Amino acid sequence: MADNLDKTAVTRLVELGEREATVLEHGSLKVMIDDQGGMIPELSTVKEKSRINAHWQPWFRSNSGKPYSDAEHGFFWKGNLLYHIAGNFPCAPNFGPGHFIDGLTMPPHGWTANLKWQFINNGIDEETGAAWALSSMKAPSGGTEKKMPLSFRKIDALLPGQSVHYSSLEIQNFGNDDLEINCGWHNTLGTPFLAPECRISAAAKCWTSAPLGGEFDATTRLNPETEFSSLTAVPLFRGGKADLSRVPPPIGYTDFVTGLIPESAHLGWSALVNPALKLAYLCFFTGPRDAAEDDIILRFNDLWMQYGGRPFTPWAPYEGGTDLTYCLGTENAIAAYSYGLEYSRQTKQLMGAPVTVLIPAGKTRTLRYGVLFAPYGGNTLDGGIDSLEAEESLLICKGRQDSERFAADTGFGILKEIQKKLADLS
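Keep in mind that this is a model prediction, so the values were computed, not measured.

Draft legend 1. Molecular detail of the sheet that holds strand E23 (residues 279–286). An order of E9-E10-E11-E12-E29-E23-E22-E16 is seen for the eight strands of this open sheet, with the pairing classed as antiparallel. Lying at the two open borders of the sheet, with one neighbouring strand each, are strand E9 (118–124) and strand E16 (199–202). Between one strand and the next, the sheet's axes are offset by a mean angle of 15 degrees, whatever the strand orientation. Of the pairings in the sheet, the one linking E23 to strand E29 (residues 364–375) comprises seven bridges and is antiparallel in character. Its bridge partner lying in E29, Leu279 is registered against Pro375.

Draft legend 2. Representation of the packing of aromatic side chains within the structure. Taken as a whole, this structure holds 24 aromatic pairs when the rule is applied. Between Trp185 and Tyr369, the ring centres sit 5.4 Å apart and the planes meet at 25 degrees, which makes this aromatic pair stacked. Residue Trp185 is located in strand E14 (residues 183–185), and its partner Tyr369 is located in strand E29; the two are separated by 184 residues in the primary sequence. The two residues Trp185 and Tyr369 agree in class, both being buried. Clustering of aromatic rings is evident, with ring pairs tying together Trp56, Trp59, Phe60, Tyr68, Phe75, Phe76, Trp77, Tyr83, Trp304 and Trp315. We note Lys138 situated over the ring of Phe174; from NZ or CZ to the ring centre the distance is 5.6 Å. Over the ring of Trp117 we find Lys154; its NZ or CZ atom is 5.2 Å from the centre of that ring.

Draft legend 3. Highlighting the side chain of His99. Looking at the element boundaries, His99 is found in strand E7 (residues 99–101). Only 3.0 Å separates the side chain of His99 from the backbone oxygen of Pro97, close enough to count as a polar contact. At a separation of 3.2 Å, a polar atom in the side chain of His99 contacts the main-chain amide nitrogen of Glu342. Leave out the neighbours within four places in its chain, and His99 touches Asn94, Leu104, Thr105, Met106, Gly340, Leu341 and Glu342.

Analysis parameters
Residues numbered from 1 in each chain as written. Predicted model: local features only at pLDDT ≥ 70, side-chain atom pairs only at ≥ 80, totals over all residues. Heavy atoms only, no water. Pairing = 2+ DSSP bridges. Helix = DSSP H or I, 4+ residues; strand = E, 2+ residues; numbered from the N terminus. Axes fitted to C-alpha atoms, helices over the stretch in contact; angles between N-to-C directions. Phe/Tyr/Trp six-rings, centres within 6.5 Å; stacked < 30°, edge-to-face > 60°. Buried < 20%, exposed > 50% of the residue type's maximum accessible area, 1.4 Å probe, protein only. Lys NZ or Arg CZ within 6 Å of the ring centre and 35° of its normal. Polar contact = N/O pair within 3.5 Å; in protein donor to acceptor, adjacent residues only side chain to side chain. Contact = heavy atoms within 4.5 Å.

What follows is the structure, given as structure tokens:
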């Protein structure tokens, strides 16, 4: 049995902005999940007598409690997503900008990031002590559900003794035709955890910058559509190279790169280490090598480096103003860059890997995902994470000097068992 520090708890509450939310916590980790868009504004750990939150809390996030109205709010926020955005959130069936596809208007990053999830239930699993929450969503009514007939179920869980937030996202195609979609998790980190000289690491061995024709054309410092093998030497459009593995202060650029997760990987992963705070933030998920028939496999590490390159609202307080937004997306997805579902369907592959996932007619596919946020000892990970190995109950992070071990259910076995137990809840 877990001691009092590791005993899990689950609470329903209404947070700032009158958003209904679920909080999962134990002595070393707390996560708050909003019903609205599945946003996760808080993933925090204990630091001396205080707590450090890893996740991005945008200065421009609306906390009025009013529903988004394009007529009233569109001039500044330019969409429902940015009105509510915070921290980490699931993206499906679109990863990228809003657009018209399959006879319907698809919002930026899909319905899962824009609509309100229906809370079903929460509790503590008697066998494992895990705290869990279950919610669901269907494609919006009004004809949309006939054109892209998808439904979603999401489980969020916290296990005793582990500094990991686990999630499963089930996507069911209840139609008669197979559907190609995008899927991803939009992990976004902010201050005080994000700071200059933090180190970025990921599973990818081959990277590319985004091609021209997207949202980064006017904000990037990188050569467009250029492949490179390491984040430490990335070609710049004005010549020279930059080390993207080191987080700079705000520098007036917003960049995006995507990296291919190797086919041989048991786990896909991406990470940010803050050497001053001795804290590591690590996303991990089933890799291509261990894919089962019902798995959704994320093929790409995506880095959205929002370091002050957007002099327009809502990033700046007025059009032409100073971009006040400093954050980092350590995102992971199956998509072509962040250019949307239609672009992905047309592109088909990127660096030899598929950029859509097929949800067969009448079938369900599941994405299982973990986010660790924890302290590490000494200087083991100060230079970043060079590689990641998984044992049954451990994540072994290899740094330049030594290794750090974190307790984790790397095969998502407990999450799968909870998923089975909750299968009949609706």
